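# Structural description and commentary
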Amino acid sequence: MKYDLFFKLAKEAGIEECELSISSGHSLSFSLFHGEVDNYSEDESFAISARGKINGKMGTASCDVWNKDKVKFLVNEIVNNAIVIESTDPTFIFKGSEKYHKTSTFNKNLEKISIDEKMAKLRQLETNLKNYDKRIIEVEEVSYDECFSTHTLMNSHGLKLSQKLNYFVYGGAVIAKNGDQTKSGGDLFLANDFTKFDTNDLTKKICDQTLRKLDGEPCKSDAYPAVLDADVVKSLLIPYIGHSEAEEVQKNSSLFKDKLNQKIASSKVTILDMPLAKTIFSRWFDDEGVACYNKPIIKKGVLQTYLYNLTTAAKDNVQSTGNGAKTGGKIGTASALLVMKPGKTSLKDLLKKVNNGVYITEVSGLHAGLNAQSGNFSLQATGYRVENGKIGKGLDIITVSGNLLDIFKNVITVGSDAKLFLSGVVCPSVQVKSIKVGGK
Amino acid sequence: MISKKIAIEVLNVGLSTGADYSEIFFEDSNSYSLSIENGRVETSNSGATCGAGIRLLKGNQCVYGFTNNVSKKGLLKLATDLSKSFNEKQKLTVTDLKQIRCKNRNPVNNSYNDISREEKIALVKEGINEIESEKDPRIVRYIGSFGNFHRFVAVFNSKGKWFKRSSEFGRLAYLVVAMDQNGMETGFEGPGCQQDISYFKSKVNPRDVARHSMEVALKMLSAKECPSGKMPVIIGNGWGGVLFHESCGHPLEASAIAKGLSCFAGKEGQIIASKLVTAVDDSTIPQAWGSIDIDDEGNLGTKRTLIKNGKLVDFMIDDFNGRRMNREGNGSCRRQNYKYCPTSRMSNTYIANGKSTKEEIIKATKLGLYAVGFNGGSVDPTTGEFNFGCSEAYIVRDGKVCEPVKGATLIGKGSEVLLNIDMVGNDLDMGQGMCGAASGSIRTNVGQPTIRIKEMTVGGRGGELK
């Protein structure tokens, strides 16, 4: 076997238990500008990361070529890295879960679609975007990307797990102009079933959201009753749920510390970790080989669980929740798919409920304006006024600010318009009591 | 490493269907990183990366692919696959490759690969000890880290040139989390360089870096929420340059200019900034974080004045985007690694010194914000709209720096802010960052002296500024 040499050399070097995590695949992407293919790329990629234990300490190393020299490199570096570890946290190379619920993230039909067919749809998207509205003055780019990959985990206990994945993404970006105002916007469509892609739908999404940014102006700085669009909820949900990571809790940097089984959000809020849901984000084993399963993190406002890997679970004397996720050489935790349970109220009715306030459609600059640790945020935003229950004048060059804990406590109604986002989140729009807006 | 003979063969296969340019980018790099959490070494990780990317150009079309198989067979297969994008006759043939030699302004005398893990750990622990010596119960978590990166690159192209480039980087960083009954705040500082470990022992003191991270976290804990609205904003020197990087640097890259997608497209020779503003992108500063001797297309690193006394005079240009602009590349073509198709990028980008002192700028401000530290930011190059978050900021009242404020976000348009700069200081400094864009994450320096913007939109949770 191709990888046997690693396990043999590791044993000879005194590594007690070890593991290889292998990703391989190929991808294709191309883009058009003014009807011409301006970028085309295809590649074969391979990456391998290795971990091994010596005297209970875990050493790690990675490479992207597999030959005898690199096997020696991995073994040697694991040994040298393990020796200097001082952390007393328990470490694990996992023997395997009793049962795995396999899910499929591979659509074999995608491989049968010809490049010409993919290109034709892209050309159609570019033409549609150009002709949608005369205020659309430029199509910045339309692009197609696809990825086929296989992730394999194998270790010295004989555990071997493998999951295949494929998906494609169509994307487009346009520039809209009206008078002196210029705005740009774009959106993506992501799936692994080619028949689900409709160029007209994506065109409408991209153009409508760009055009609606035109003619906006700041409003007076104040706190307003608000509807937050699903796109905004998605941006806030990811750092919010980051506080459920057990390591953050154990290291005193989580806002959810000591809050297990307590009410931390509005009773309208239910947030689930759904790795087995049928999406392209589906995962049935985590980065340590533990079986993934669906579970609520927050149920009707009450915190149900923290997200654990094997190390943090052992420290709290509980079972891993199958959320082990590799970042660099370290196993942290992550959710494959976060789902905020939708309600029954349409977006239109959410706006009616607000009556007079603001509808925030987009926030940007998350990495600059959001302090994930404290939960405080102040973000550039765009949206509309809500006047007599309907969408009114556009809002531009405004900021919205608040604290993540407060926002989810202040949810009054959850919308029915749940959407899937590229960041592995499904969520709807929500009505919140109020949000601070900085403007004039 | 790829031999000249194989390179010529692969380049010609790339040209065989009518491409007017072909290029092989070979890379063999290694990296090491460690982190120390709450006093104990928690991670120690090594990585090696080796592969090649091939780029073919034909007019305004670009074809790119990469592989980990750098054998003759692997490279020929990749070049053959990519050449299928075109279907004309071969126009060019490579017969010889001449080596471009350039001055090595960024030598690292003692490779980080020859320094023991123990020495690197001891370096980080100096700062850790400084944090621990404070014994402040509000400090709930502190992480020190060190990383080094060695990169060997060889590029061969159909202009008959080849070159090799070897570079090494080191970076030390501390993150401190402080908490009290009011909430949680963080402080971060991470200086980096293209110099050996002596830099972190002579020019940068780990204790000072760690102390500063700790002090910012503690200071922000007691800070009030920043007021919001329009106000004069003084931006501190060094890391404050992230404002220019985001709002003006990115829109001045040929990747945005060439297709007319930048807010500065077509404005060469026009006044786009206050006359006090001269801005530069200089990849020739010896051993600076963002310096390169030669870019990924074989053009030598240069010092480019982008804006001179308010007038737009130049851009960051790569050869490919330069085709649409009828301009040659000016040494700005960069990429993260072989997995990325290269494009025009910044190196060390800064606003040049003016005449005011920092004290004069503060003294001249009746009521406004003094933003000293930043978390980062982002920009839409089409509109020039940007936003960035302040990690350390103060209210200026009657010419004096007063109470610290937290949660400040600066938002606006690059084109408007540039024209609104009404004071430029004489205390130019640089800060080290990682810049993400189409060709991946690369090392760049941002920099500026203290500057004042007459009026700017500030976002915060603290109500009106009084």
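Summarised in this report is the structure supplied together with it. Here the structure is a predicted model, which is why all the values come from computation and not from measurement.

With that settled, consider the overall build of chain B. Scanning chain B from terminus to terminus reveals 10 helices and 24 strands. At 24 Å, chain B has a C-alpha radius of gyration in line with the 23 Å of a compact globule built from 466 residues. Across its three principal directions, the C-alpha atoms of chain B cover 70 × 55 × 35 Å. Taken across its 466 residues, chain B has 64% of its residues classed as buried. The long-range fraction of contacts in chain B, counting pairs at least 24 apart against all pairs at least 6 apart in sequence, stands at 74%. As presented, chain B carries roughly 16900 Å² of accessible surface, and 48% of it is formed by carbon and sulfur atoms. Distance between charge centroids for chain B: 5 Å, based on 61 positive and 52 negative side chains.

Now for the overall build of chain A. Across its full length, chain A carries 10 helices and 20 strands. Expected size for 440 residues packed as a compact globule is a radius of gyration near 22 Å; at 24 Å, chain A falls within 12% of this value. Referenced to the eigenvectors of the C-alpha coordinate spread, the extents of chain A come out at roughly 75 × 55 × 35 Å. Within chain A, the proportion of its 440 residues that are buried is 59%. If you take every contact in chain A between residues at least 6 apart in sequence, the share linking residues at least 24 apart comes to 70%. Of the roughly 18100 Å² of accessible surface on chain A, 49% is carried by carbon and sulfur atoms. Where the 57 positive side-chain charges of chain A centre and where its 52 negative ones centre are 7 Å apart.

Here we come to the environment of L369(B). Residue and element names in this part refer to chain B. Within the fold, L369 resides in strand β17 (residues 367-380). The buried category is assigned to L369, whose relative accessible area is 0%. Put simply, L369 and L419 are 50 residues apart on the chain and 18 Å apart in space, counted from C-alpha to C-alpha.

A word on the sheet that holds strand β12 (residues 303-308) of chain B. Residues and elements named next belong to chain B. What the six strands build is an open sheet, ordered β13-β12-β11-β16-β23-β22; its pairing is mixed. Two strands bound the open sheet, and with one partner strand each, they are β13 (311-312) and β22 (429-437). In the packing of helix α6 (residues 242-249) onto the sheet, contacts are made with β11 (279-282), β12, β16 (348-351), β22 and β23 (440-448), and the angle to β23 comes to roughly 120°.

So, on to the sheet that holds strand β8 (residues 271-273) of chain A. In a beta sheet, neighbouring strands are held together by backbone hydrogen bonds and run either parallel or antiparallel to one another. Residues and elements named next belong to chain A. In space, the six strands of this open sheet follow the order β10-β9-β8-β13-β19-β18, with mixed pairing throughout. In this open sheet, the two strands that pair with only one neighbour each are β10 (302-303) and β18 (419-421). Inspection of the sheet shows β18 paired to strand β19 (residues 425-427) by three bridges, in the antiparallel sense. In the sheet register, L420 faces β19, and the bridge partner there is V426. The strands touched by helix α5 (residues 230-241) within the sheet are β8, β9 (295-299), β13 (338-340), β18 and β19, with β19 carrying the most contacts at an inclination of about 125°.

What follows is about the nonpolar core. Side chains of nonpolar character tend, in soluble globular proteins, to be buried together. The biggest cluster of nonpolar side chains holds 55 residues, and the ones touching the most others in it are Y144(A) and F156(B). Residues contacting F156(B), with those up to four places away along its chain left out, are M1(B), I2(B), A7(B), L11(B), S22(B), E23(B), I24(B), L97(B), K161(B) and W162(B). The next biggest cluster of nonpolar side chains, apart from the first, holds 54 residues, and it includes A246(A), A381(A), L395(A) and V430(A).

All names here are of chain B. Counted at 1.5 Å a residue, the expected span for helix α3 (residues 117-134) with its 18 residues is 26 Å, and the 26 Å between its end C-alpha atoms agrees. Along α3, the helix axis deviates most sharply at E126, where the bend reaches about 25°. Among the residues making up α3, those that are buried are R117, K120, I121, L123, V124, G127, I128, E130 and I131.

Now for the packing of aromatic side chains. Considering all chains together, one arrives at 29 aromatic pairs over all chains under this definition. Relative to Y144(A), the ring of F30(A) has its centre 5.2 Å away and its plane inclined at 25°; by these criteria the two rings are stacked. Taken as a pair, F30(A) in strand β1 (residues 17-33) and Y144(A) in strand β4 (residues 136-155) lie far apart in primary sequence, 114 residues in all. By the burial criterion, F30(A) is buried, and Y144(A) matches it. Plain terms: the ring middles of Y370(B) and Y394(B) are 6.4 Å apart, the flat faces sit at 35° to each other, and that makes the pair tilted. Of the two residues, Y370(B) is situated in strand β17 and Y394(B) in strand β18 (residues 385-397); the sequence distance between them amounts to 24 residues. Taking relative accessible area as the criterion, Y394(B) reaches 10% and is therefore assigned buried. Residue placement shows R335(B) over the ring face of F25(B); its charged tip is 3.6 Å from the ring centre. Across from the ring centre of W289(B), 5.6 Å away, lies the NZ or CZ of R443(B), which sits over that ring.

Looking now at unusual backbone geometry. All names here are of chain A. The phi torsion at N55 lies on the positive side, around 50°, for a residue other than glycine. Take N55: it is sitting in the loop between β2 (36-54) and β3 (57-63). Its relative accessible area of 66% is what places N55 among the exposed residues.

Further remarks concern the pairing of β22(B). Residue and element names in this part refer to chain B. Of the strand pairs in this sheet, β22 and β23 are connected by nine bridges, and their pairing is antiparallel. The residue of β23 that forms the bridge with G436 is S441. What sits between β22 and β23 in their antiparallel hairpin is a turn of two residues.

Let's shift gears to the pattern of salt bridges. When the charged atoms of two side chains with opposite charge come close together, those side chains can pair. Residues and elements named next belong to chain B. Taken as a whole and assessed by the stated rule, the structure comprises 58 salt bridges over all chains. One salt bridge in this structure joins K58 and E88, with 3.1 Å as the shortest N-O distance. Here K58, found in strand β2 (residues 40-58), pairs with E88, found in the loop between α2 (72-83) and β4 (98-99); they are 30 residues apart in sequence, far enough to count as distant. Between K406 and E185 there is a salt bridge; the shortest N-O distance is 3.7 Å. With K406 in strand β19 (residues 400-406) and E185 in strand β7 (residues 183-189), this pair connects stretches of sequence that are 221 residues apart. Per residue, the accessibility class of K406 equals that of E185, and both read buried.

Residue and element names in this part refer to chain A. Counted as a void, the second largest pocket has a volume near 540 Å³. Ranked by the residues each element gives to the lining of the second largest pocket, the list is headed by β2, at six residues. Along the lines of polarity and charge, the residues of the lining of the second largest pocket split into eight nonpolar, eight polar and nine charged.

Here we come to the packing of helix α3 (residues 115-131) of chain A against helix α4 (residues 199-211) of chain A. Residue and element names in this part refer to chain A. At a closest axis distance of 9 Å, the pairing of α3 and α4 adopts a crossing angle of 40°. The orientation of α3 relative to α4 falls into the category oblique. Seen from above, α3 lies across α4 with right-handed handedness. Taking contact as the criterion, the partners of K121, Q124, L125, N128 and L129 in α3 are, on α4, T199, N200, L202, T203, I206 and C207. Looking at the contact of α3 with α4 residue by residue, the class counts come to five nonpolar, five polar and one charged.

Our focus in this paragraph is the interface of chain B and chain A. Across the boundary between the two partners, chain B contributes 67 residues, which contact 69 residues of chain A. Taking both partners together, chain B and chain A bury about 5500 Å²; carbon and sulfur atoms supply 48% of that area. Ranking the residues of chain B by area buried against chain A places R141(B), M184(B) and R461(B) at the top, with a combined share of 13%. On the surface where chain B and chain A come into contact, there are 10 salt bridges. The salt bridge involving E248(A) is made with R141(B); its shortest N-O contact spans 3.0 Å.

About the thresholds
Residues numbered from 1 in each chain as written. Chains lettered and ligands numbered in written order. Predicted model: local features only at pLDDT ≥ 70, side-chain atom pairs only at ≥ 80, totals over all residues. Heavy atoms only, no water. Helix = DSSP H or I, 4+ residues; strand = E, 2+ residues; numbered from the N terminus. Rg over C-alpha atoms; globule rule 2.2 N^0.38 Å. Buried < 20%, exposed > 50% of the residue type's maximum accessible area, 1.4 Å probe, protein only. Contact = heavy atoms within 4.5 Å. Areas by Shrake-Rupley, 256 points an atom, 1.4 Å probe, with all protein chains shown as cover. Lys, Arg positive; Asp, Glu negative; His and termini not counted. Charge placed at Lys NZ, Arg CZ, Asp CG, Glu CD. Pairing = 2+ DSSP bridges. Axes fitted to C-alpha atoms, helices over the stretch in contact; angles between N-to-C directions. Core = buried A, V, L, I, M, F, W, Y, C linked by side-chain atoms within 4.5 Å. Expected span 1.5 Å × (residues − 1). Bend = angle between axes of the 7 residues up to and from the residue. Phe/Tyr/Trp six-rings, centres within 6.5 Å; stacked < 30°, edge-to-face > 60°. Lys NZ or Arg CZ within 6 Å of the ring centre and 35° of its normal. Salt bridge = Lys/Arg side-chain N within 4 Å of Asp/Glu carboxyl O. 1 Å grid on protein atoms, 1.4 Å probe; cavity = no way out; pocket = protein on both sides within 12 Å on 5 of 7 lines; lining within 4 Å. Points joined across faces, edges and corners; volume = space filled by probe spheres on them. Nonpolar A, V, L, I, M, F, W, Y, C, P; charged D, E, K, R; others polar. Parallel < 35°, antiparallel > 145°, perpendicular 65-115°, else oblique. Left-handed = near helix turned anticlockwise from the far one by under 90°. Buried area = accessible area lost by both parts, 1.4 Å probe.

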